[in-house]
Amino acid sequence: MNLAQALVSARTSGVERLDAQLMLAHLLGQPRSWLVAHDEVALSAVQSTQYAQWLERRRAGEPLAYLLGQTEFCGLVLQVAPQVLIPRPETELLVEWALEVLHARSTSITEPSVVDLGCGSGAIALAVRHRCPAALVTAVDASTPALDITRRNACALGLPITLAPGDWWAAVAGQRFHLALSNPPYVAPGDPHLAALRHEPHGALVAAEHGLSDLHRLIDGAPRALLPGGWLLLEHGHDQGPAVRQRLQQAGFSGVETRCDLAGLARCTGARIG
Ligand code: GLN
């Protein structure tokens, strides 16, 4: 089977052309742009078998990132597996905001301490470390497989960070940070969107109290884990902004602000401790 035929077979299987191109590019170790000029290149028997399996699994709804075992986030190629959430483009907003905070403070602080709570694949922690090499970054997760994946990504990318196993703030008890970041589980149990997310880890997506329980724990524990003037930046669901803002105010934060993602949905809220 050559590449032109492989793309036809994707169409007949009902798999999007872009997904099929990314599969073929991955199999052949070439950039996607290379495929366009190489219609006649043939897949080996092993490659054809793998491709046919991927088409079938993709058609059945498995995310492409899990099939390929990798995805891109903030320009970094990250390994992913079904034990971790696939990093979303909208989470790049949290990273951009973190860098803004760090660059604004870098004049006075030489090595800002940053913690990413619930690191999953390590996407946020590694993107921050990549773009702000002076930052001392700690990545927390209660899931051992997630920390293993973060460790592998950190090694592969040559980005040294500290890993801390455990449950939210308990993992870094006694430590204090200039900046805390989290994309916690925030989908309400029974939310209809969960059907489309069935391949991803339930524990990384769903939280009790209408999706707010982990956001509440993160906010309530932050004042004693942040240095004076430290920031907490959180990703949340599009309708959770008011609840998150209110909780931050109750916990003693000031300058509470919500930012929208590229789709115009309220996606991140941040604030500073007095
Ligand atoms: N943004 C994800 C989604 O709904 C949810 C991520 C999360 O719960 N942290 O697809």
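## Observations regarding unusual backbone geometry
- The residue C74 is not glycine, and still its phi comes out positive at about 50°.
- Along the chain, C74 falls in the loop between β1 (70-73) and β2 (76-79).
- The phi angle at E209 is positive, at roughly 50°, despite the residue not being glycine.
- Here E209 lies in helix α10 (residues 208-211).
- For E209, a relative accessible area of 47% corresponds to the partly exposed category.

## Examining the sheet that holds strand β3 (residues 113-117)
- Ordered by their spatial adjacency, seven strands build an open sheet running β5-β4-β3-β6-β7-β9-β8, and the pairing between neighbours is mixed. Unpaired on one side and paired on the other, β5 (162-165) and β8 (253-260) mark the two borders of the sheet. Averaged over all neighbouring strand pairs, the angle between strand axes comes to 15°, with direction disregarded.
- When strand β4 (residues 136-141) meets β5, the two strands line up parallel, connected through four bridges. Following the sheet pairing, V140 is matched in β5 by A164.
- Relative to β4, helix α7 (residues 123-131) is tilted by about 175°, and along the sheet it contacts β3, β4 and β6 (177-182).
- In this fold helix α12 (residues 241-250) packs onto β7 (226-235), β8 and β9 (266-273), with an angle of close to 165° to the strand it touches most, β8.

## A word on the environment of R11
- Position of R11 among the secondary structure elements: in helix α1 (residues 3-13).
- Assessed through its relative accessible area of 61%, R11 is described here as exposed.
- Considered as a pair, R11 and L55 are 44 residues apart in the sequence and their alpha carbons are 9.8 Å apart.

## What about the site of the ligand?
- Taken together, L85, R88, E90, N183, P184, P185, Y186, V187, L197, A204, L205 and E235 form the complete shell of residues around the ligand.
- One of the side-chain nitrogen or oxygen atoms of R88 is found 3.0 Å away from an oxygen atom of the ligand.
- Between the ligand and L205, the relevant distance is 3.4 Å, taken from an oxygen atom to a main-chain nitrogen or oxygen of the residue.
- A total of 300 Å² of accessible area belongs to the ligand in isolation, and the protein chains cover 87% of it.

Here is what the cut-offs are and how they apply
Residues numbered from 1 in each chain as written. Predicted model: local features only at pLDDT ≥ 70, side-chain atom pairs only at ≥ 80, totals over all residues. Heavy atoms only, no water. Helix = DSSP H or I, 4+ residues; strand = E, 2+ residues; numbered from the N terminus. Buried < 20%, exposed > 50% of the residue type's maximum accessible area, 1.4 Å probe, protein only. Pairing = 2+ DSSP bridges. Axes fitted to C-alpha atoms, helices over the stretch in contact; angles between N-to-C directions. Contact = heavy atoms within 4.5 Å. Near = heavy atom within 4 Å. Polar contact = N/O pair within 3.5 Å; in protein donor to acceptor, adjacent residues only side chain to side chain. Areas by Shrake-Rupley, 256 points an atom, 1.4 Å probe, with all protein chains shown as cover.

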